[in-house]
Amino acid sequence: MVAEKGKNTPEKAEKTKKAKSGLGRRLGHSALSLTLTVVVIAAVVLVNIVVTMFFDKYPLSVDMTGDKRYTISEKSLEYVRKIDTDVQVTVFADEKTFENFNYPYNKQAAELLKNYCRENHHITYRFVDMEKNPDIARSYGEVKEMDIVFETKSQIDGKQLNRTRKIGVSDLVNFQDRLVEGLSNSGFTIESYARRNLDGSQAQFLQYFSQYIESSNAEGAFTSALMTVTDPKPVYITFLTGRSELGELSYFKTLLEANGYNVGEVDITKEDIPENTDVAVIGAPQTDYMQADADKVERFMDNGGKGHKHLVFFSHAAQAETPILNRILNKYGLAVGEGIVCENRQDMYYNQPYYTIAGEVSEYLLSDMESKKPELLIAQSRPVENVDAGNSSLDIYKLFSSSDSGFTAETNALVNGETKVLKNAKQCYAALSIDQSAGSSVAVFGTSSVAEDQFVAYGQYANKDMLLTLFNKMTGKTPEIKIEPKIIAAKGFEISQAQKNVLKWTFIFVLPLIVAVFGIVITVRRKRR
């Protein structure tokens, strides 16, 4: 019997059922595949967005430069990570303008600043275009284009204090010695030259003298500024002027500032020493103080009966007689003697017997100095001597001395090229007297040369190390962080902000879209098989 055409038969119904079942399975597999593809793409996009948002807030930075110019040293990191006070850093320039100025040093400085902020969320930064934001610029007083201001508000002894530290763009680099010495010989520092000749603009100074840049000082400048504004117990040092001071101590002041001290100066003939001063420095006055000036110093040291103040006195070979100042020093058992300290041994002087090298340093300093066999370069020092002060609470330390072959010579004879010996014996160049009952101290140096610009700058001598160690011990300040300068030569691997944006959107949308298209094509091709 033949089945009628068009009629449903059991066999035909079975085939139709199987065909529908196969189609359903294929459609089910396609739908599942498409769903999985969509889910995977959505997950990829979501992960990319979340990761991008996370790293926008907590950026991950990899320094791929050969000289690691954007990497913060471990000593700086150790300090920075402990900061628990909010610090705002304001750069007075548009970001691109700042980075392109004095490239690559400003570029390195900008990246370092961002890395400081990444390491501690308490530190934030902003770039302020002075032309577009004149009100902000005016609120900071005397700031110039490219200046950088670190500021914080903190509670000290129950008082709200706003502490700031301004650094100029020339502070971000180190200059060759020949430029620094040339300016010094003309009576200038970088700051004073810019102030007098360039309306205080360090940016203009850099434009004129960029060929003398030796290395980067950005990390040192930034860490120093952070130390200054975040130190829970800031130390204030005031240099007393007004008596034709003979000591060239500008580099020394910069050194102190670079190590977190707050440095200022007052004219002792016109002003009192500020109450917040911890250490007053008398930098080799050519003429003696008037009694009114000396009274200000003594009131400062007494501190209303509370003491805990410190005085550093530098003498000088060209100084006139200073009987009034001597009386202050004598109260602490110290005095400056006659003549100039010289050395008989040729290995203990430099070119002339009165340009001496001190190798005998007191254990009081040596225990905290970096160098354990330091040598100090000293020129034309007067001897520092002990006198009876009638005060049993004084502890006196000879900080550094000549060798056993040392002697003192008459000053006038040396000027005339002669050597008239006054005393043949080991001589003391500097001494420290500590009044244990008052918590005060007085340091006396026979010469300001030990702290003068070129002597402190000499790397082969330990003058810098000695001075910082002494001030740290006198004030109880945390030892300084010493930063090695970075010499920037070859251009490192860098990408622009536009390139960064291209990479970001490529990973967020373009690559997931390619994956989606690829998945859909495969799905369609499989469906047609």
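Below: a short report on this structure. (Residues numbered from 1 in each chain as written. Predicted model: local features only at pLDDT ≥ 70, side-chain atom pairs only at ≥ 80, totals over all residues. Heavy atoms only, no water.)

### Side note on the overall build of the chain
Definition in use: For helices the rule is a DSSP run of H or I covering at least 4 residues; for strands it is a run of E covering at least 2, with both sets numbered from the N terminus onward. Exposure classes here rest on a 1.4 Å probe applied to the protein chains alone. A residue is buried below 20% of its type maximum, exposed above 50%, and partly exposed in between. We call two residues in contact when some of their heavy atoms are within 4.5 Å. Accessible areas in this description were obtained via Shrake-Rupley with a 1.4 Å probe; residue shielding takes into account the shown protein chains only.
Within the chain, the regular secondary structure consists of 17 helices and 22 strands. Burial statistics for the chain: of 529 residues in total, 46% are counted as buried. By sequence separation, contacts in the chain at least 24 residues apart represent 77% of the contacts at least 6 residues apart. Entry remark: accessible area of the chain is about 28600 Å², with carbon and sulfur atoms responsible for 52%.

### As for the pattern of salt bridges
Test applied: What makes a salt bridge here is a side-chain nitrogen of Lys or Arg within 4 Å of a carboxyl oxygen of Asp or Glu, nothing more.
Applying the stated criterion to the full structure yields 18 salt bridges. As a salt-bridge pair, glutamate 265 and lysine 253 come within 3.0 Å of each other at their nearest N and O atoms. Of this pair, glutamate 265 sits in strand S8 (residues 262-267) while lysine 253 sits in helix H10 (residues 250-258), and the two are 12 residues apart along the sequence. With relative accessibility at 23%, the residue lysine 253 sits in the partly exposed group. Residue glutamate 298 is joined to lysine 331 by a salt bridge in which the shortest nitrogen-to-oxygen separation is 2.2 Å. You can see glutamate 298 sitting in helix H11 (residues 291-302) and its partner lysine 331 sitting in the loop between helix H12 (323-330) and strand S11 (334-336), a full 33 residues away along the chain. Judged by relative accessible area, which is 26%, glutamate 298 ranks as partly exposed. Look at lysine 331 and you get partly exposed, because its relative accessible area is 46%.

### Side note on a nonpolar patch on the surface
Formally: Patch definition: residues above 30% relative accessible area lacking any salt bridge, with like charges linked at up to 9 Å and the nonpolar side chains Val, Leu, Ile, Met, Phe, Trp and Tyr linked at up to 5 Å.
A contiguous nonpolar patch, built from Leu513, Val517 and Val521 and spanning about 270 Å² of accessible area, is present on the exposed surface. As for its placement among the helices and strands, leucine 513 is situated in helix H17 (residues 497-528). For leucine 513, a relative accessible area of 57% corresponds to the exposed category.

### Quick look at the packing of aromatic side chains
What counts is decided by this rule: When two rings of Phe, Tyr or Trp (its six-membered ring) have centres within 6.5 Å they constitute a pair, described as stacked for plane angles under 30 degrees, edge-to-face for angles over 60, and tilted for the intermediate range. Only Lys NZ and Arg CZ are tested; either one counts as a charge over a ring when it is within 6 Å of the ring centre and within 35 degrees of the ring normal.
Within the structure shown, the criterion is met by 20 aromatic pairs. The interplanar angle of 75° and the centroid separation of 5.8 Å between the aromatic rings of tyrosine 193 and phenylalanine 205 together place this pair among those described as edge-to-face. Here tyrosine 193 is found in helix H7 (residues 190-197), whereas its partner phenylalanine 205 is found in helix H8 (residues 202-209), with 12 residues between them in sequence. Judged by its relative accessible area of 0%, phenylalanine 205 is buried. In this structure, lysine 473 packs its charged tip against the face of tyrosine 364, placed 4.6 Å from the ring centre.

### Looking at H8
Note the threshold: The arc under discussion is defined with respect to the helix axis, by the directions toward the C-beta atoms.
Gln202, Ala203, Phe205, Leu206 and Phe209 are the residues of H8 that are buried. Burial along H8 is one-sided: seen end-on, the buried residues are contained in an arc of 155°.

### With respect to the packing of H10 against helix H16 (residues 463-475)
The geometry of a pair of packed helices is captured by two quantities: the angle between their axes and the separation between those axes. In plain terms, the rule: Angles here are taken between N-to-C directions and fall from 0 to 180 degrees, while the axes themselves are lines fitted to C-alpha atoms, restricted in helices to the stretch in contact. An angle below 35 degrees is treated as roughly parallel, one above 145 as roughly antiparallel, one from 65 to 115 as roughly perpendicular, and anything else as oblique. Should the near helix be turned anticlockwise from the far one by less than a right angle, the crossing is termed left-handed; should it be turned clockwise, right-handed. Note on residue classes: Ala, Val, Leu, Ile, Met, Phe, Trp, Tyr, Cys and Pro are nonpolar, Asp, Glu, Lys and Arg are charged, and everything else, Gly too, is polar.
It is at 11 Å that the axes of H10 and H16 come closest, and there the two elements cross at 55°. Judged by the inter-axis angle, H10 sits oblique to H16. The handedness of the crossing between H10 and H16 comes out as right-handed. Touching Tyr251, Phe252, Leu255 and Leu256 of H10 are Lys464, Leu467, Leu468 and Phe471, all from H16. Classifying every residue of the contact of H10 with H16 by side-chain character gives 7 nonpolar, no polar and 1 charged.

### Remarks on the packing of helix H4 (residues 105-119) against helix H9 (residues 218-230)
Remark: H4 packs on H9, axes separated minimally by 9 Å, with the N-to-C direction vectors making an angle of 40°. When the interaxial angle is binned, H4 and H9 end up oblique. In this structure, H4 crosses over H9, and the sense of that crossing is right-handed. Where H4 approaches H9, its residues Gln108, Ala109, Leu112, Leu113 and Tyr116 are matched on the opposing element by Ala218, Glu219, Phe222, Thr223 and Leu226.

### What about H12?
Burial in H12 covers these residues: Ile324, Leu325, Ile328 and Leu329. Taken down its axis, H12 places every buried residue within 145° of arc, on the same side.

### Comments concerning the sheet that holds strand S16 (residues 376-379)
What links the strands of a sheet is backbone hydrogen bonding, and the strands pair in either a parallel or an antiparallel sense. Condition: For two strands to count as paired, DSSP must find a minimum of two bridges between them.
Strand order in the open sheet formed by 3 strands is S13-S14-S16, and the pairing between neighbours is antiparallel. For this open sheet the edge positions go to strand S13 (349-350) and S16, each flanked by a neighbour on one side alone. Where S13 lies against strand S14 (residues 352-358), 2 bridges are found, and the strand directions are antiparallel. The partner of tyrosine 349 across the bridge, within S14, is threonine 356.

### Considerations on the nonpolar core
Where we set the bar: What is meant by a nonpolar core is a set of buried Ala, Val, Leu, Ile, Met, Phe, Trp, Tyr and Cys residues, joined one to another through side-chain atoms within 4.5 Å.
Grouped together as the largest cluster of nonpolar side chains are 43 residues, with contacts concentrated most on Phe98, Ile148, Phe150, Leu172 and Phe222. Examining the composition of this core, we find that 7 residues originate from one element, H4, more than from any other. Apart from residues lying up to four places away in sequence, isoleucine 148 is in contact with Val89, Thr90, Val91, Phe98, Arg165, Lys166, Ile167, Leu172 and Phe222.

### Notes on the side chain of threonine 447
To be explicit about the condition: Polar contact criterion, stated in full: a pair of N or O atoms within 3.5 Å, where within protein one must be able to donate a hydrogen and the other to accept it, and residues adjacent in sequence count only if both atoms are side-chain atoms.
Checked against the element boundaries, threonine 447 lands in the loop between strand S22 (440-445) and helix H15 (453-457). A polar side-chain atom of threonine 447 sits 3.1 Å from the main-chain carbonyl oxygen of alanine 379. Within the structure, the side chain of threonine 447 is placed 3.0 Å from the backbone nitrogen of serine 449, a separation counted as a polar contact. Sequence-distant contacts of threonine 447, defined by excluding residues within four places in its chain, comprise Phe314, Ser315, Ile378, Ala379, Gln380 and Ser381.

### Regarding the sheet that holds strand S19 (residues 406-409)
The strand order across the open sheet formed by 3 strands is S12-S19-S20, and the pairing between neighbours is antiparallel. Sheet topology places strand S12 (340-343) and strand S20 (421-424) at the edges, where each strand pairs with a single neighbour. Each adjacent strand pair in this sheet contributes to an overall mean axis angle of 35°, direction not counted. Note: S12 against S19, 4 bridges, orientation antiparallel. Residue pairing across strands places cysteine 342 opposite phenylalanine 407, the latter belonging to S19.

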